[in-house]
Amino acid sequence: MLELRGLRVTYPGPPPYTAVEGVDLDVAAGAAVGLVGESGSGKSSIARAIVGLARVSGGSVRVDGREAAAARRRRLQELRRTVQLVFQDPRASLNPRMQVGATVQEAVAIAGERRDARDRRAEARRLLELVDLPAGAAERYPHELSGGQLQRVAIARALAVRPRLLLLDEVTASLDVSVQARILNLLRRLQRELELSALYISHDLSVIRYVSDHVYVMQRGRIVEDGPCEALFSAPRREYTRSLLAAVPTLGGDRWRRRPAGAPAPAASANPND
Amino acid sequence: MSAEPLLDVQELEVRIRTGAGEVRPVAGVSFTVGRGEIVGVVGESGSGKTLTSLAVGALLPRNATAHAARLRFAGCDLLSASPRTLRRLLGTELAMVFQDPMSSLNPSRRIGAQMVEAVREHRGLSREEARRRAAGALADVRLTDPAARLRQYPHELSGGMRQRTMIAMGLMSEPSLIVADEPTTALDVTVQAQVVELLCELNERHGSAVLFISHNIALLSEVCDRILVMYRGRLVEDLTVAELLARPRHPYTRALVGAVPDLRTDRTRELATVPDDVDRLDREVADA
Amino acid sequence: MSAGARSAPRQVARAFAASPTGIVALVAVGAIVALALVGPGGFGPQATTVDVAHANQGASAAHLLGTDNLGRDILARTLAATRTSVALAALAMALAVGAGTAIGLAVAASPPRLRRVGETAIDTMMSFGDILLAVVVVAIVGVGATGAVIAVGIAFAPAFARFTYSLARSVIARDYVAAARVTGVRGRRLLARYVLRNVVDPLTIAAFTALGDCVIALSSLSFLGLGVQSPTFDWGQMLIDGVRSFYLNPWAALAPAALIAFTGVAFGLFGDAVARAANPLLWHDRPRLLRRRGASAPPAGRVDSAVSR
């Protein structure tokens, strides 16, 4: 479905900055692939480059077998019907002056399948229902909804054009954990039901492990390691991956514990401030 | 014979005047922090965890007031203390570390200048003495070349280094309590580990207690002795990590634990979600 | 989670009615508009009848502000001039805003190289002083109301172009515009729905303030003799004679001057209130303390408020 070979993404600057260098990455049809890396690793740049928001300065991007790098006009239009991107901050990625129903409806209109305004409205509502939003949500403006609800709107909008590949760029990073859980559950379900391919991008290794079948690890613009999820997490080959995994907090882990969990704190007299 | 806790909060309430009337984003919160303890506060947005920490540090914004049945810190009654005493006490015994060091550090002043300011005001040290302490504090937080750092501006440092600087600033006065509000949320996971390591080290060496506020319950479970769970302005559970790992009593805590994926989460099952009507469940737990 | 969905216009009206500035400005603007509607005719012959025998008289029962150098009642004449002054200023403002916004948006939406050319062009136009540019235009187009309106409109257009350009650039950099592009929204729809709608607020304030400025600019042109020509009169025109006979009766100059100032301030405040009322983000004023994860925290340090029992 998606094939990146030797991808290089450079921002013009000044000074020119190469965010991604020599990246090879595959997303098979219907697969969920995870891309994990710390900040500045270039993972978001990859997503932006695929949909034409960042310039591909080298290498190739093949979507559904056809070249997509440096796409112009018509090719770009087609591309944007096959691949869609959901941004990290839903509050920033929705037009504050448009009702969310209108935003989704606009995307439906662009998809071009429904002629009638009434049909489009119905389709927009269907999409909002698909992402578990209540009926009244369509008339709301973004500032009236919570982060989780807005992210659902963003997902609905992305789905409106019937893409086959969904790029999810840190989509739960700005959400509460309970909301994150719901969104992740929703995404997994939608992916299965709609037979979508998905590329999950995140700095959160636990989230990536939970949603992906295959995982790529990025550092400073390059892919450091990749492999099937279970294998990579249980037996990482590269030092960098190991150090990342070692730093992830685990419930009940004892990395920093100096006394056993549940033991009382040291006595008051131990305090040098006395 | 139990010693008086370092921080004793009973029935804390925060009231805020808004255009639409008065709201109480924090109500009926009671907890203690013993000397040298590391206590975690976990909650999501709207839980009131940040307001609680601000109330303790007397840093609430103008339209908010804190009310409590008891609010004692370091043997002093904060409710009846004069503003002067309060300022002195909080300036020396309490250190606050916030999530975004860039907005807590003055970008137009050198680090050294900012660091010596507080300690000179409260402890009356000379400039040389203060600078020496500042350099010492920076060394304590494992920043390389402390003398050079003092002359740098905040934007010249990375996020992790800025966070350490914040901690160092707090340490200058050898506080008995460090209140850290999401200190690692904006940092990469490896840097996060370093900052947490640092806080634990400080706790061990200086005996400073830590009130660690975070949304990341897994992180807290690795660091803290006890965890306070907050939801919509109320403290729903106060438990040790052992109890957390065994089986928390409150459904919200259970749901929270189940909702966070970690490296051992079962990938075949859906993540647990927080039920919408926690209040009802709350009553159920209380009745049980 | 969200408030009941009331219709947008009603929310705007509510928000407007809730602000003290809004009410005051509304009343002031209302008064000005009422005067403009009444127009010269409504003030009877007093405003225009020449009566040299009673020229330059001070305030009296018959003439509350006295008479001007041709015996006309100053108060009546000043109020009568409202229509001309305000209507012409409105036309000039419309021209400035229309042309300026269009240019600003067009340049903002252009590809980089063209944008740089456009930027330079706008900046160059702006470097001519307002009045100077206006005078030049009038010299070309010819004196009189039409010429003056075109001149002032052209004089203020570059500032609007620059303003719109900056606003549009900052909006275009936002995620929601990028997201719209990824969805497939293009060209004029993108500009109208995403860019224009989000620059409207500051533009509205600027437009109303500009209205006040246009009144002043047109008055200046008239005062220089380049604007409205007799027998048509506006405040600026009145100032020509008013200044000359200032020591005989200061009201002849003070009255029109006062109204110029009053109109400027009234429209400025009005624009401010309208923009604020129309901004959906300000409709529900909730305490900003309930921050979501990821937002920055207040600075450490000072003790602001003591805790209380």
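Predicted, not measured: the structure shown is a model, and the values here were computed from it. (Residues numbered from 1 in each chain as written. Chains lettered and ligands numbered in written order. Predicted model: local features only at pLDDT ≥ 70, side-chain atom pairs only at ≥ 80, totals over all residues. Heavy atoms only, no water.)

Enquirer: Explain the nonpolar core to me, and be specific about the residues and the numbers.
Expert: In terms of nonpolar packing, the biggest core is built from 117 residues, with Ile 155 of chain A together with Met 115, Ile 167 and Ile 227 of chain B touching the most fellow members. If sequence neighbours within four positions are ignored, Ile 155 of chain A has contacts with Val 86, Val 131, Ile 183, Leu 186, Leu 187 and Leu 190 of chain A. Counting residues in hydrophobic clusters, the runner-up holds 71 residues, among them Met 93, Ala 108, Ala 155 and Ala 206 of chain C. (Core = buried A, V, L, I, M, F, W, Y, C linked by side-chain atoms within 4.5 Å. Buried < 20%, exposed > 50% of the residue type's maximum accessible area, 1.4 Å probe, protein only. Contact = heavy atoms within 4.5 Å.)

Enquirer: Please give an account of the interface of chain C and chain A that cites residues and values.
Expert: With 30 residues of chain C in contact, the opposing surface of chain A contributes 35 residues. Both faces considered, chain C and chain A share a buried interface measuring about 3,000 Å² in area, 51% of it formed by carbon and sulfur atoms. Counting across the interface, chain C meets chain A through one salt bridge. The interface formed by chain C and chain A holds eight residue pairs in polar contact (both at pLDDT 80 or more) in total. Those elements that place two or more of their residues in the side of chain C that touches chain A are helix H8 (175-183) and helix H9 (187-223) of chain C. (Buried area = accessible area lost by both parts, 1.4 Å probe. Salt bridge = Lys/Arg side-chain N within 4 Å of Asp/Glu carboxyl O. Polar contact = N/O pair within 3.5 Å; in protein donor to acceptor, adjacent residues only side chain to side chain. Helix = DSSP H or I, 4+ residues; strand = E, 2+ residues; numbered from the N terminus.)

Enquirer: Break down a positive patch on the surface for me, citing the residues and quoting the values.
Expert: All names here are of chain B. There is a patch of like positive charges on the surface, built from Arg 110, Arg 120, Arg 127, Arg 131 and Arg 151. By secondary structure assignment, the location of Arg 120 is in helix H4 (residues 111-123). Residue Arg 120 is classed as partly exposed on the basis of its relative accessible area, which comes to 34%. (Patch = residues over 30% accessible without salt bridge, like charges linked within 9 Å, V, L, I, M, F, W, Y side chains within 5 Å. Areas by Shrake-Rupley, 256 points an atom, 1.4 Å probe, with all protein chains shown as cover. Lys, Arg positive; Asp, Glu negative; His and termini not counted. Charge placed at Lys NZ, Arg CZ, Asp CG, Glu CD.)

Enquirer: So, the pairing of strand S1 (residues 2-11) of chain A: which residues are in play, and what are the values?
Expert: Residues and elements named next belong to chain A. Two strands pair when backbone bridges link them, and S1 and strand S4 (residues 56-63) are joined in this way by six bridges, in the antiparallel orientation. When the sheet's bridge partners are listed, Val 9 is paired in S4 with Val 56. Bridge analysis of S1 against strand S2 (residues 17-27) gives seven bridges, and the strand direction is antiparallel. Residue pairing in the sheet places Val 9 in a bridge with Val 20 of S2. Connecting the antiparallel pair S1 and S2 is a turn made up of five residues, with Gly 13 showing a positive phi of about 80°. (Pairing = 2+ DSSP bridges.)

Enquirer: Please set out the interface of chain A and chain B residue by residue, giving values where relevant.
Expert: Accessible area lost upon the coming together of the parts serves often as the stated size of an interface. At the junction of the two partners, chain A supplies 47 residues and chain B supplies 57 residues. For the pair chain A and chain B, the two sides together bury roughly 4,400 Å², of which 53% comes from carbon and sulfur. There are one salt bridge connecting chain A and chain B. The shortest N-O distance in the salt bridge between Glu 230 of chain A and Arg 267 of chain B comes to 3.4 Å. Viewed at the interface, chain B and chain A are joined by 20 residue pairs in polar contact (both at pLDDT 80 or more). Only helix H7 (177-194), helix H8 (205-211), helix H9 (229-234) and helix H10 (239-247) of chain A provide two or more residues apiece to the side of chain A that touches chain B. Of the residues forming the side of chain A that touches chain B, the biggest block, nine residues, is contributed by H7 of chain A. Its residues placed into classes, the side of chain A that touches chain B shows 21 nonpolar, 13 polar and 13 charged. (Nonpolar A, V, L, I, M, F, W, Y, C, P; charged D, E, K, R; others polar.)

Enquirer: Let's hear about the sheet that holds S1 of chain A: which residues, and what values?
Expert: The strands making up a sheet associate through hydrogen bonds between their backbones, and the pairing can be parallel or antiparallel. All names here are of chain A. Strand order in this open sheet of four strands is S2-S1-S4-S5, and the pairing throughout is antiparallel. The open sheet has two edge strands with one neighbour each: S2 and strand S5 (66-67). Most of the contacts of helix H1 (residues 43-50) go to S1, to which it runs at about 105°, and overall it touches S1, S2 and S4. (Axes fitted to C-alpha atoms, helices over the stretch in contact; angles between N-to-C directions.)

Enquirer: Please set out the sheet that holds strand S3 (residues 32-37) of chain A residue by residue, giving values where relevant.
Expert: All names here are of chain A. Read from one edge to the other, the open sheet built from six strands follows the order S6-S7-S8-S3-S9-S10, with strand pairing classed as mixed. Bordering the open sheet on either side are strand S6 (83-86) and strand S10 (222-228), each of which pairs with just one other strand. Taken pair by pair, the neighbouring strands of this sheet meet at an average axis angle of 15°, ignoring direction. Two elements, S3 and strand S8 (residues 197-202), share five bridges in a ladder whose sense is parallel. Residue pairing for S8: Gly 34 is matched across the bridge by Tyr 200. The strands touched by helix H6 (residues 147-160) are S6 and strand S7 (165-169); relative to S6, the strand with the most contacts, the crossing angle is about 170°. Across the sheet, H7 lies against S3, S7 and S8, angled at about 155° from S8, the strand it touches most.

Enquirer: Run through the packing of aromatic side chains, naming residues and quoting values.
Expert: Tallied over the entire structure, the rule returns four aromatic pairs over all chains. Seen in terms of ring centroids, Tyr 231 of chain B and Tyr 252 of chain B are 4.4 Å apart; in terms of plane orientation they differ by 40°. Their pairing is tilted. Here Tyr 231 of chain B is found in strand S10 (residues 226-231), whereas its partner Tyr 252 of chain B is found in helix H11 (residues 251-259), with 21 residues between them in sequence. With a relative accessible area of 9%, Tyr 231 of chain B lands in the buried category. Look at Phe 246 of chain C and Tyr 247 of chain C: their rings are 5.7 Å apart centre to centre, the planes differ by 90°, and that puts the pair in the edge-to-face class. One aromatic cluster is present, formed by Phe 208, Phe 267 and Phe 270 of chain C through successive ring pairs. Between Arg 188 of chain A and the ring centre of Tyr 210 of chain A, over which it is positioned, the NZ or CZ distance is 4.1 Å. A cation over a ring is seen here: Arg 77 of chain C above Phe 233 of chain C, with NZ or CZ 3.8 Å from the ring centre. (Phe/Tyr/Trp six-rings, centres within 6.5 Å; stacked < 30°, edge-to-face > 60°. Lys NZ or Arg CZ within 6 Å of the ring centre and 35° of its normal.)

Enquirer: Can you break down the domain arrangement of chain B residue by residue, with the values?
Expert: All names here are of chain B. Entries for chain B in the domain assignment read domain 1 (1-93 + 177-253) and domain 2 (100-174). Across the contact, 16 residues belong to domain 1 and 13 residues belong to domain 2. A per-residue breakdown of the area domain 1 buries against domain 2 is headed by Thr 92, Leu 198 and Leu 202, which together make up 32% of the total. Along the contact surface separating domain 1 from domain 2 lie two salt bridges. Of the charged contacts in the structure, one is a salt bridge between Arg 142 and Glu 201, with a shortest N-O distance of 2.9 Å. In this structure, the connection of domain 1 to domain 2 is made through three residue pairs in polar contact (both at pLDDT 80 or more). (Domains from an automatic or database assignment.)

Enquirer: Any details on the confidence of the model for chain C? Residues and values, ideally.
Expert: All names here are of chain C. For chain C, the average pLDDT comes to 80, and 86% of its residues sit at 70 or higher. Looking over chain C, one finds the lowest element-wise mean pLDDT in helix H1 (residues 8-17), namely 72, and the highest in H8, namely 93. Between residues 1-6, whose pLDDT stays under 50, and residues either more than four places distant or in other chains, the model counts 14 contacts. Note that pLDDT drops below 50 for residues 285-309; the model gives that stretch 66 contacts with residues more than four away or on any other chain. (pLDDT = per-residue confidence, 0-100.)

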